[in-house]
Amino acid sequence: MKKNRAFLKWAGGKYPLIETIRRHLPAGGCLIEPFVGAGSVFLNTEYDYYILADINSDLINIFNIVKERPNDFIRDARALFAADANLSEVYYPLRSAFNLCTDAHERAVLFLYLNRHCYNGLCRYNLSGEFNVPFGRYKKPYFPEWELYQFAEKARRAVFFCEHYDKTLSRAVPGSVVYCDPPYVPLSTTANFTAYYNHRFNLIEQQNLARLASQLAGESKIPVLISNHDTALTRQWYNDAVLYYVTARRTISSNIFGRKRVNELLALYL
């Protein structure tokens, strides 16, 4: 099966691991993702229906805009990928405009621009909820027109929700399959990327997700697959799941020598 890329750059995106994830995802009628991110698993699986959610309202907004009005979105977004917009003196005013913007379509257009022009494709907000990633200085940012049309086509089978993961999990019914890609537990005190859209996914949240996954599988017979780092803590949290071990390449570090291979696990609750 051909691998399809998401139209957004996304830290922790599952594109490199998609074959492994597909291999361990059970069959079912509907795939539910409470932490959809850029949507690589959605784009590279074949279920009849999808329920996709995230706590990041900008992410869910752009997904809905692309789904409902792809031609208008692509026309307006393409205009911001001209060479004269790939300058720091243009980027920072547009970042400020995004942070003040309340129009859903315009905010989605600016979000794609920021995603493709900012440093490392990061999505980060300050405590006031303002996008604060600096300019990325790319020679020629890629405009993902083909990926946008592909997403819009596939999204006909999907509904998108901006909500907490426990609300999304409550939508699961028999016949569903759940895939969870939560913010990973840090491997060290200097690698903590759990601050996500002003919502800290702490150790209590990690344990709660594992408890809900075990409950869904045990009581409702709904299989749940969870990705995370392979640590002593995650092995403890997922001790009643079937564990699969994988190695992934980290690309988030600003230092190229910090972009090393790390051990991850997939916990399957059946």
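Definitions and limits used
Residues numbered from 1 in each chain as written. Predicted model: local features only at pLDDT ≥ 70, side-chain atom pairs only at ≥ 80, totals over all residues. Heavy atoms only, no water. UniProt positions renumbered as here; feature names shortened; annotations may be inferred. Salt bridge = Lys/Arg side-chain N within 4 Å of Asp/Glu carboxyl O. Buried < 20%, exposed > 50% of the residue type's maximum accessible area, 1.4 Å probe, protein only. Core = buried A, V, L, I, M, F, W, Y, C linked by side-chain atoms within 4.5 Å. Helix = DSSP H or I, 4+ residues; strand = E, 2+ residues; numbered from the N terminus. Domains from an automatic or database assignment. Contact = heavy atoms within 4.5 Å. Polar contact = N/O pair within 3.5 Å; in protein donor to acceptor, adjacent residues only side chain to side chain. Phe/Tyr/Trp six-rings, centres within 6.5 Å; stacked < 30°, edge-to-face > 60°. Lys NZ or Arg CZ within 6 Å of the ring centre and 35° of its normal.

If you look the chain up in an unreviewed UniProt entry, it shows as Site-specific DNA-methyltransferase (adenine-specific) from secondary endosymbiont of Ctenarytaina eucalypti. In the Catalytic activity (unreviewed entry) part of its UniProt record, the chain is described as follows: "a 2'-deoxyadenosine in DNA + S-adenosyl-L-methionine = an N(6)-methyl-2'-deoxyadenosine in DNA + S-adenosyl-L-homocysteine + H(+)". Recorded in UniProt under Sequence similarities (unreviewed entry), the annotation for the chain is "Belongs to the N(4)/N(6)-methyltransferase family."

### Some points on the pattern of salt bridges
According to the stated counting rule, one finds eleven salt bridges in the structure shown. Arg-156 is the partner of Glu-153 in a salt bridge, and the nearest nitrogen-oxygen pair spans 3.4 Å. Its relative accessible area of 46% is what places Glu-153 among the partly exposed residues. Taking the relative accessible area as the measure of exposure, Arg-156 reaches 65% and is therefore exposed.

### Here we look at the nonpolar core
Counting residues in hydrophobic clusters, the biggest one holds 59 residues, and the most contacted among them are Leu-8, Ile-62, Phe-63, Phe-73 and Leu-112. Tallying contributions element by element places helix α6 (residues 104–117) first for this core, with seven residues. The residue makeup of this core includes at least three contributed by each of domain 1 (17–55 + 163–269) and domain 2 (63–146). If sequence neighbours within four positions are ignored, Leu-8 has contacts with Ala-38, Leu-59, Ile-62, Phe-63, Phe-111, Leu-112, Asn-115 and Arg-116. One finds Cys-30, Ile-32, Ala-172 and Tyr-238 within the second-largest nonpolar core, a separate group that totals 26 residues.

### A short note on the environment of Asn-115
Looking at the secondary structure, you find Asn-115 in helix α6. Looking at Asn-115, the relative accessible area reads 3%, which means it is buried. A polar atom in the side chain of Asn-115 sits 2.8 Å from the backbone oxygen of Lys-9.

### Considering the packing of aromatic side chains
With the rule as written, the count across this model stands at 20 aromatic pairs. Note on Phe-63 and Phe-160: the rings are 5.4 Å apart at their centroids and 50 degrees apart in plane angle, and the pair reads as tilted. Separated by 97 residues along the polypeptide, Phe-63 in helix α3 (residues 57–68) and Phe-160 in strand β3 (residues 158–162) bring together distant segments of the chain. Through a chain of ring-to-ring contacts, the aromatic side chains of Phe-7, Phe-42, Tyr-47, Tyr-50, Phe-63, Phe-151 and Phe-160 assemble into a single cluster. Between Arg-5 and the ring centre of Tyr-15, over which it is positioned, the NZ or CZ distance is 3.9 Å.

### Remarks on the UniProt feature "binding site: S-adenosyl-L-methionine" (unreviewed entry) in the chain
Here the UniProt feature "binding site: S-adenosyl-L-methionine" (unreviewed entry) sits at Trp-10, Lys-14, Asp-54 and Asp-181. Looking at the element boundaries, Lys-14 is found in the segment before α1 (18–24). Among the residues examined, Lys-14 registers a relative accessible area of 7% and is labelled buried. If we skip the residues at most four places from it in the chain, Lys-14 touches Ile-21, Ser-40, Val-41, Tyr-179, Asp-181, Tyr-184 and Ser-227. Relative to the elements of secondary structure, Asp-181 occurs in the loop between β4 (176–180) and β5 (195–196). A residue is classified by how much of its surface remains accessible, and Asp-181, at 17% relative accessible area, is buried. Ignoring any residue separated from it by four or fewer positions in sequence, one finds Asp-181 in contact with Gly-12, Lys-14, Phe-35 and Ser-227. In terms of polar contacts, Asp-181 uses its side chain to reach the side chain of Lys-14, at 3.0 Å.

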